[in-house]
Amino acid sequence: MHPDHYRHTELPPSTEYELYFGPNHPGIEGNYALKARLAGDTVVALEADGGYLHRGFEKLMEQRLWIQNIALVPRICVPDPVPMEETYARAVETLGGLEVPERAQWLRMLVLEMSRLTAHLFYFGGHAATVGLYTNMFWGVSDRDRLLDCFEQLTGARVYHMYITPGGVRRDTPPGFLDSLSEVLDYVEGRLPKFDDLFFDNAVLVRRATGTGTMDQAFAIDYGVTGPNLRATGLAHDLRRDYPYLKYAEVEFDVITETAGDAYARTLVRRGEVIESLRILRQVIDKLRSVPGPIRCPLPNPLAWRIPAGDAYTRTESSKGELAYYIVSDGSAKPWRVHVRGPSQMHAVQTLEALCVGARIEDVAQIMFSLDACPPEVDR
Amino acid sequence: MSKSLPTPLEGVFRRVPGVRWRQQAERHLRVELSEAENLPALLALLKGEAGYRHLSAISCVDWPDADEFELVYHLDSYTTQVLISAHIRLPAAPGRYVSVSGLYRPAGFFERDIHEMFGVQFEGALDLRPFILTEWGGPPPMRKSFDTEGYVRDHYQWVDYGPEWLAELEKRGGGIVE
Amino acid sequence: MPDYPIYRDPPEQCRTPDAEERSLWGRTLERIADHCRARSLFVLHYCTGCGAIELPPSMTSRFDLERVGMQPMVTPRQADLLLITGYLSVKTLKRVILTYEQMQGPKYVMGFGSCTINGGMYWNSYATVKRLDQYLPVDMYIAGCMPRPEAIQQAFLQLMEKIDSGRAQNWKEYYRRYDHYLGEQQALFGEQFHTPTDVIGEARHYSLFGPETLGEHTAKLAKYDLYHPGQGAVDALEVKR
Ligand code: SF4
């Protein structure tokens, strides 16, 4: 029986249809949308649709003082906010000719690597959830919470720390912090074999992620892919090693690579990076026990702080790839222009669109998560 | 000026007219082109001969006093490992330039973004449909002439927050010191 | 308190509540229903802003909201609670309104963080809306930027108490004052803004038809009425009454 306003229409037979995927969809990372053309359950074409998280950061930063922007920058990428602060602060320091004290540099490396760990743990959870391994999601999130507790101890905040300020960091380590952090690091390391059992060696993941969203090295370079996604195609490029900033030249770590370039390889690269991050963190903790000194350089009155005219382009290796800020100053109390280049801008739009073609619909979420695309970074 | 310019770069810079370069930071060259139309040739040479296969970003800066847009192409090479920022200036009036997305795929995203935020037109771009501002009816928001506070006042409401302590602080000349 | 009158008594134009609703029995039933509703809240899985990053910790092992009967739900049709986790860009607000209208009553809205209350740190951003309650009726706000999981839990417990005691009735306002809300939405999205949901019909169905359900703004909807072509939503309702 039809309702009385029902009108029957004849449409030409079609094998293709359009599917809206997101923004309100659990398989989407954040608030983002994809429009897929499907034939059966195979993706024929995919179109990304962003802007749901657009706040006009670049415009807002032009309206605020140099010091006020510290509060704004971490909000650009929610899962991994610290590299944002570091990149901004380093750009301001380059322009203003500020010298960061040694201890502050080590402290910055500490929070940067902790942030990478949280982001990767979150990623394990997210990627696992897209292949149906929910236990892992619970593990990833709760292990990440231990690190957030350390962050809270150090900076007073869980997610947005606003810890790195131009010229140094906001405060020194509280008593006993380095010990409790070491404990957490040991704990995370001890968890990795369990993650192996449940996740990395899990047949579900291995079968579903192998050969999914594969890109070769030439493709990755063409599409501007950076970070772990690029390293998963076999190119050992890491800004921490190739353009060392802070004290990265003084610590030992390996650049993890894989060659397959598929979703599984990307996950393995991140697993390796967790181990490397732990390694770096231990060295940093050792240094922090011995390096004394101030934690910030003297700053002028922050409300009347002018930065000399000029421009700077600074880059940081975030957990997702190459993060860069282009900042132009005209010598006034506010930036003239700030351009944020987030790694996800490359990953979540053109790369995702290209990688999903030919994939099955149930793998689209997995491909998106395996690229670790961060929508707020795309939208700014 | 730095003394040591990697060899492939020397040759490239000499072959493009109007190139001025200087060392901006360690392993970061700032290149300025006096003629905007030479940029695609420079990029092609950089990509073809000096291994600059990675376009890190294209930034746009609005200079309303000079009536110009500045476009900055940040390039990186996985072999030479020297970052290059190539600056060009465009007159704001037509606000047109050519797309380099044929050369560098990532340019597609940045050009779309700049078109949206600044209203610069790129000829031959991959896709210039709105991406972020699909529901936007106003002028390109990143231009200096766009007043976001005024726009907010006209379109949204918020409750003013003026507690007594703040008023007192302001009376005493607190807040921003110029 | 909102600065507009809240209709506690059914206005005259509205169908007078029948004896059943006024009876002790009817109220008892409602009371029992509220008691149960408060104990199984399904939260719509929609991350609108940065506050969403504190939801996974609250939902999973550490803070574990399932203890109090809350669970993420993927479809708006089966969700009771819409979390607006932070700032709303204009583009998202449109989707949020669509989503909200698809949810079935009784439904509750919770605003996370200072952004939903008064614009927060994006007070001068051209892209985000400043006050959520202009566009949707909100039951509870959580202050903070961003609110901690403990604050989120506290807010959920308070919301449950509010529902349990029958005070979380703001969703009815959306039907009773639909014209007002639609007017605000139209001011932002343009005159032609409309959603596929037949809110006016639902208002009638829930007997929540107030004097401000229809008005100058809803009159503009007439041309989009799919269900009564040519007649217009407003006319159709007038005729039936
Ligand atoms: S209140 Fe703070 S944390 Fe929440 S959405 Fe706004 S800026 Fe983000």
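On a predicted model such as this, the values are computed, not experimentally measured, just so you know.

Across its full length, chain C holds eleven helices and seven strands. Of all 241 residues assigned to chain C, the portion counted as buried reaches 52%. Excluding contacts between residues fewer than 6 apart, the proportion of contacts in chain C whose partners are at least 24 apart in sequence is 77%.

This part takes up the packing of aromatic side chains. All names here are of chain C. In the structure shown here, the tally under the stated rule is 28 aromatic pairs over all chains. Centroid distance Trp171 to Tyr175: 6.3 Å. Interplanar angle 90°. Geometry classified as edge-to-face. With Trp171 and Tyr175 both in helix H7 (residues 170-176) and four residues apart, the pair spans about one turn of that helix. Each member of the pair, Trp171 as well as Tyr175, is classed as buried. Across from the ring centre of Tyr100, 4.3 Å away, lies the NZ or CZ of Lys107, which sits over that ring.

Before going further, it helps to examine the domain arrangement of chain C. Residues and elements named next belong to chain C. Domain annotation of chain C identifies domain 1 (29-168) and domain 2 (170-241). The straight-line distance from the C-alpha centre of domain 1 to that of domain 2 is 24 Å. Each side of the interface is counted separately: domain 1 has 21 residues, and domain 2 has 18 residues. For the pair domain 1 and domain 2, the two sides together bury roughly 1,700 Å², of which 61% comes from carbon and sulfur. Where domain 1 touches domain 2, the interface holds zero salt bridges. Where domain 1 touches domain 2, the interface holds four residue pairs in polar contact (both at pLDDT 80 or more). With seven residues, helix H4 (residues 90-102) is the single largest residue contributor to the side of domain 1 that touches domain 2. When the residues that make up the side of domain 1 that touches domain 2 are grouped by side-chain class, the tally is 13 nonpolar, three polar and five charged.

On to the pairing of strand S2 (residues 28-33) of chain B. Residues and elements named next belong to chain B. With five of six residues buried, S2 lies mostly within the body of the structure. Pairing geometry for strand S1 (residues 19-25) and S2, over six bridges, is antiparallel. Following the sheet pairing, Gln23 is matched in S2 by Leu29. Counting the residues in the hairpin turn of S1 and S2 gives two residues, including Arg27, whose phi is positive at 55°. Pairing of S2 with strand S5 (residues 83-91) involves five bridges; the strand directions are parallel. Along S5, the bridge assignment pairs Arg30 with Ser85.

Glancing now at the pairing of strand S3 (residues 81-84) of chain C. All names here are of chain C. Residues of S3 alternate between two faces, with Leu81 and Leu83 on one and Leu82 and Ile84 on the opposite face, all of them buried. Note: S3 against strand S5 (residues 108-112), four bridges, orientation parallel. By the bridge assignment, Ile84 is partnered in S5 with Gly111.

In the vicinity of the ligand lie 13 residues, with Cys50, Gly86, Cys115, Cys145 and Met146 of chain C positioned nearest. The ligand is flanked by residues contributed from chains A and C. For the shell around the ligand, the per-class residue count stands at eight nonpolar, four polar and one charged.

The next point concerns the packing of helix H4 (residues 102-130) of chain A against helix H11 (residues 263-290) of chain A. Residue and element names in this part refer to chain A. It is the contact of H4 with H11, at a shortest axis distance of 9 Å, that shows an interaxial angle of 150°. Relative to H11, H4 is oriented roughly antiparallel. H4 and H11 meet at a crossing whose hand is left-handed. Here the residues of the contact of H4 with H11 are counted per class, giving 16 nonpolar, four polar and eight charged.

A few words on the nonpolar core. Formed by 150 residues in total, the largest nonpolar core has its most connected members in Phe13, Leu46 and Tyr73 of chain B together with Leu81 and Met110 of chain C. Structurally, this core is a two-domain feature, drawing no fewer than three residues from each of domain 1 (29-168) and domain 2 (170-241) of chain C. Among the nonpolar cores identified, the runner-up in size contains 57 residues, and Leu121, Val131, Leu246 and Ala263 of chain A belong to it.

Each strand in a sheet pairs with another by means of backbone hydrogen bonds, the pair being arranged parallel or else antiparallel. All names here are of chain B. What the five strands build is an open sheet, ordered S1-S2-S5-S4-S3; its pairing is mixed. The open sheet has two free edges, formed respectively by S1 and strand S3 (54-63), since each of these has just one partner strand. Between one strand and the next, the sheet's axes are offset by a mean angle of 20°, whatever the strand orientation. Here S3 pairs with strand S4 (residues 68-76) via nine bridges, running antiparallel. Of the residues in S4, the one forming a bridge with Trp63 is Glu68.

Moving on, we get to the interface of chain C and chain A. The partner chain A presents 36 residues to the 37 residues of chain C that form the contact. Between chain C and chain A lies a buried interface of about 3,100 Å² when both sides are counted; carbon and sulfur atoms form 57% of it. Summed over the three residues of chain C that lose the most area to chain A, namely Ile53, Arg62 and Met121 of chain C, the buried surface amounts to 18% of that side. On inspection of chain C and its partner chain A, the count reaches five salt bridges. Between Asp145 of chain A and Arg62 of chain C there is a salt bridge whose closest N-O contact spans 2.5 Å. Of all the secondary structure elements, the ones that give two or more residues to the side of chain C that touches chain A are helix H3 (55-59) and H4 of chain C. Per-element tally for the side of chain C that touches chain A: the top contributor is H4 of chain C, with four residues. The class makeup of the residues in the side of chain C that touches chain A is 21 nonpolar, eleven polar and five charged.

With that out of the way, let us pick up the interface of chain A and chain B. Opposite the 47 residues of chain A that make contact, chain B presents 48 residues. Here chain A meets chain B over a buried area of about 4,000 Å², counting both sides, of which 55% is carbon and sulfur. Of all residues in chain A, Lys59, Tyr313 and Trp336 of chain A give up the largest surface area on contact with chain B, accounting jointly for 17% of the area buried on that side. Our enumeration of links across chain A and chain B arrives at five salt bridges. Notably, a salt bridge pairs Asp311 of chain A with Arg30 of chain B, separated by 2.7 Å at the nearest N-O pair. Connecting chain A to chain B are 20 residue pairs in polar contact (both at pLDDT 80 or more). When residues of the side of chain A that touches chain B are traced back to their parent elements, those giving at least two are strand S3 (42-49), helix H1 (57-63), helix H8 (217-222), strand S6 (310-317), strand S7 (322-329), strand S8 (337-341), helix H12 (343-356) and helix H14 (375-379) of chain A. Per-class residue counts for the side of chain A that touches chain B are 21 nonpolar, eleven polar and 15 charged.

Parameters and conventions
Residues numbered from 1 in each chain as written. Chains lettered and ligands numbered in written order. Predicted model: local features only at pLDDT ≥ 70, side-chain atom pairs only at ≥ 80, totals over all residues. Heavy atoms only, no water. Helix = DSSP H or I, 4+ residues; strand = E, 2+ residues; numbered from the N terminus. Buried < 20%, exposed > 50% of the residue type's maximum accessible area, 1.4 Å probe, protein only. Contact = heavy atoms within 4.5 Å. Phe/Tyr/Trp six-rings, centres within 6.5 Å; stacked < 30°, edge-to-face > 60°. Lys NZ or Arg CZ within 6 Å of the ring centre and 35° of its normal. Domains from an automatic or database assignment. Buried area = accessible area lost by both parts, 1.4 Å probe. Salt bridge = Lys/Arg side-chain N within 4 Å of Asp/Glu carboxyl O. Polar contact = N/O pair within 3.5 Å; in protein donor to acceptor, adjacent residues only side chain to side chain. Nonpolar A, V, L, I, M, F, W, Y, C, P; charged D, E, K, R; others polar. Pairing = 2+ DSSP bridges. Near = heavy atom within 4 Å. Axes fitted to C-alpha atoms, helices over the stretch in contact; angles between N-to-C directions. Parallel < 35°, antiparallel > 145°, perpendicular 65-115°, else oblique. Left-handed = near helix turned anticlockwise from the far one by under 90°. Core = buried A, V, L, I, M, F, W, Y, C linked by side-chain atoms within 4.5 Å.

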